[in-house]
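Examining the three-dimensional arrangement
If you want the building blocks of each chain, they are given just below.
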Amino acid sequence: MKFATRLLLNFVFFSVLSFTIIIISVNKAIDYFSFVTIQKQMMERADMCELSFRGILAKNEISASQEGTSKVAKNALEALKASGKEVRIYDSKMKLLGLAVDGIPVDGGNPVIFKENIRNALEGNYSYTVSDNKLIYFAIPIQDKYYQNAYVFELVENISYFYDIMDKIRYVLFIGAGGFIFLITLSSLHISRKTTKPVKYLLGATERFSKQQFEHVELKRKDELGMLAAGLNQMGIQLNNYIQYQKQFVSNVSHEIKTPLAAIRGFSQYLYEGENEDDELKKVYFHLINESDRLTKLINELLMLSRFDKATQELNPEKTDLSELAAGVAQDLKSRAEKKDITIEITLEKTVFVNVNKILMSHAIANILDNAIRYSGKMSQIRVNTYIRQNEAVIKISDQGIGIDQSDIDLVQERFYRAKNSQFASGTGLGLSICKEIVEKFNGHLEIESEIGIGTTVSIVLPLA
């Protein structure tokens, strides 16, 4: 997953999580404080009702007989019948003594009674219950002159308005939450893009540096990213200077060595052909000739790399049939393969067009095919295939040779690097490096797959013309 996507998802996730916690907390707080407010209002009304009830109880100082209790309840109900939507009076045995609905006393009836509510009130506590139909039953203990809880006065009110208000508040809250999440997503997208844009720029710069394309790196910022860009730019300048110095040194040395080496080779050839008496000395001259040839090949490859390093080099690419080019190179090297009893099997797509320099690309294909022949044993087979893969042209060269260790695969394209198991065959360590340089000049790349003792497959991948 990309850094920008991960940053966006993390930002949105934690924002939504935080806001969800806030919404849940606010929702619970609204419920709690709203009920506290309702309870406070009911308690204020209950206190007024209790004072009135106690006044009625004081005026009727009679014994706690059945007749006296009924008279007190009747007088209290008459005085307090308009205190609420519904008013009830119970005695100490939780018997309903009086009932008024909307200010009108009701005889008989079968109202819903919450006995636990009444029981809690008789214990001396305010108690309330909210029913499923959104009615609150608020019970108040009434004490007689002996401070005994002789009655329970219960107010019943409809608090559906409160739930309607809560539903509207929640609706507004959730609409706001949706808008907040939408805005957070947009702002997160903007922030992630703005944050990752310089990171992508610096990442692109490092990728170009890895390809030795040392362009100027600059971010007009005064923060850590600006400092990183400045440091990266300075590093690129120093690396470019060092690489150019190294390449120029190699080029100069190669040019200087080429002439005396040609002389050494010529004198060695002259001595070898003129020596007819001492066989040991003749072997020495022959060895000098071979070493001179090896050094000449090395210098020629170094000079070729030097030419690639010059920015002003004209590549002169032209539309070329890659299948035809590969077939020609394979045909040229067939005789060399046959000397080692190696067969070259060629399977080519009819027409695979790319924009390349024919001479340079022929050299790259020949280098890979030459390696395949050199590192393959007798009676083995080399396969050369060309085909189209999506929008890319591919030349795949597979051998049945010694193979390359996995730890060496990423290094064999570097200059002068030779795999650990390649010592039995002569080489300069520049073959694949030259191929890489050539292929990359035409916006392509090499793909290498190998297994020790099984063989190696090297693919040249180029964009289609």
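Residues numbered from 1 in each chain as written. Predicted model: local features only at pLDDT ≥ 70, side-chain atom pairs only at ≥ 80, totals over all residues. Heavy atoms only, no water.

Attention shifts here to the environment of Arg54. Note on placement: Arg54 falls in helix α1 (residues 3-59). Distance in space between the C-alpha atoms of Arg54 and Ala76 is 9.0 Å, their sequence separation being 22 residues. Excluding residues that lie within four positions of it along the chain, Arg54 makes contacts with Ile142 and Gln143. (Helix = DSSP H or I, 4+ residues; strand = E, 2+ residues; numbered from the N terminus. Contact = heavy atoms within 4.5 Å.)

The geometry of helix α7 (residues 322-339) relative to helix α8 (residues 358-374) is characterised by a closest axis approach of 9 Å and an angle of 40 degrees between their N-to-C directions. When the axis of α7 is compared with that of α8, the two are oblique. The two elements α7 and α8 meet at a crossing, and its hand is right-handed. Listed contacts from α8 to Leu322, Leu325, Ala326, Val329, Ala330, Leu333, Arg336 and Ala337 of α7 are Lys358, Met361, Ser362, Ile365, Ala366, Leu369, Asp370, Ile373 and Arg374. In terms of residue class, the contact of α7 with α8 is made up of twelve nonpolar, one polar and four charged. (Axes fitted to C-alpha atoms, helices over the stretch in contact; angles between N-to-C directions. Parallel < 35°, antiparallel > 145°, perpendicular 65-115°, else oblique. Left-handed = near helix turned anticlockwise from the far one by under 90°. Nonpolar A, V, L, I, M, F, W, Y, C, P; charged D, E, K, R; others polar.)

A word on the sheet that holds strand β3 (residues 104-105). Reading across the sheet, the six strands line up as β3-β2-β1-β6-β5-β4 and stay open at both edges, with antiparallel pairing between neighbours. Among the strands making up the open sheet, the edge pair consists of β3 and β4 (127-130). As paired elements, strand β5 (residues 135-143) and strand β6 (residues 149-158) share nine bridges and run antiparallel to each other. Bridge assignment links Pro141 to a residue of β6, and that residue is Val152. Of the strands in this sheet, β1 (86-91), β4, β5 and β6 are in contact with helix α3 (residues 115-122), which crosses β6 at around 135 degrees. (Pairing = 2+ DSSP bridges.)

Attention now goes to helix α4 (residues 160-210). The first and last C-alpha atoms of α4 sit 72 Å apart over 51 residues, in line with the 75 Å expected at 1.5 Å per residue. The largest bend along α4 measures about 30 degrees and falls at Thr196, with the proline Pro198 one to four residues further on. Within the span of α4, buried status applies to Phe162, Met166, Ala177, Ile184, Ser188, Ser192, Thr196, Pro198, Leu202, Gly204, Ala205 and Phe209. (Expected span 1.5 Å × (residues − 1). Bend = angle between axes of the 7 residues up to and from the residue. Buried < 20%, exposed > 50% of the residue type's maximum accessible area, 1.4 Å probe, protein only.)

So, about the packing of aromatic side chains. Geometrically, a pair of aromatic rings is defined through the distance of the ring centres and the angle of the planes. Per the stated rule, a full pass over the model turns up seven aromatic pairs. Note on Tyr128 and Phe138: the rings are 6.1 Å apart at their centroids and 10 degrees apart in plane angle, and the pair reads as stacked. Of this pair, Tyr128 sits in strand β4 while Phe138 sits in strand β5, and the two are ten residues apart along the sequence. Connected via pairs of aromatic rings, a cluster forms that spans Phe53, Tyr151 and Phe153. Positioned over the ring face of Phe353 is Lys319, at 5.1 Å from the centre of the ring. (Phe/Tyr/Trp six-rings, centres within 6.5 Å; stacked < 30°, edge-to-face > 60°. Lys NZ or Arg CZ within 6 Å of the ring centre and 35° of its normal.)

Below, the discussion takes up the pairing of strand β11 (residues 392-398). Burial analysis of β11 places five of its seven residues in the buried class, which makes it a mostly covered element. Two strands pair when backbone bridges link them, and strand β10 (residues 381-389) and β11 are joined in this way by seven bridges, in the antiparallel orientation. The residue bridging Tyr387 from the neighbouring strand is Val394, located in β11. Between β10 and β11, which pair antiparallel one after the other, the connecting turn spans two residues, and Gln390 there sits at a positive phi close to 55 degrees. Where β11 and strand β13 (residues 455-463) come together, seven bridges link them in antiparallel fashion.

This brings us to the sheet that holds β10. Judged by pairing direction, the sheet is mixed, and its five strands sit side by side in the order β8-β10-β11-β13-β12 without closing on themselves. Strands at the two margins of the open sheet, each flanked by one partner only, are β8 (343-348) and β12 (445-451). Taken over all neighbouring pairs, the strand axes of this sheet differ in orientation by 15 degrees on average, direction set aside. Summarising the sheet, β12 and β13 pair through seven bridges and their orientation is antiparallel. Along β13, the bridge assignment pairs Glu451 with Gly455. Helix α10 (residues 431-441) rests against β12 and β13 of the sheet, and its axis sits at about 145 degrees to β12.

Another aspect to go through is the nonpolar core. Leu322, Met361, Ile397, Ile460 and Leu462 are the most contacted members of the largest nonpolar core, which has 39 residues in total. Listing elements by their share of this core, those giving two or more residues are α7, β9 (353-356), α8, β10, β11, α10, β12 and β13. Of the residues forming this core, the biggest block, eight residues, is contributed by α8. (Core = buried A, V, L, I, M, F, W, Y, C linked by side-chain atoms within 4.5 Å.)

The subject of this paragraph is unusual backbone geometry. Positive phi, normally seen in glycine, also occurs at Lys134, with a value near 65 degrees. Examined against the element boundaries, Lys134 turns out to sit in the loop between β4 and β5. Residue classification places Lys134 among the partly exposed positions, given a relative accessible area of 29%. Here the phi dihedral of Asp341 falls at roughly 60 degrees; this positive angle occurs in a residue that is not glycine. Topologically, Asp341 is positioned in the loop between α7 and β8. We classify Asp341 as partly exposed; its relative accessible area is 41%.

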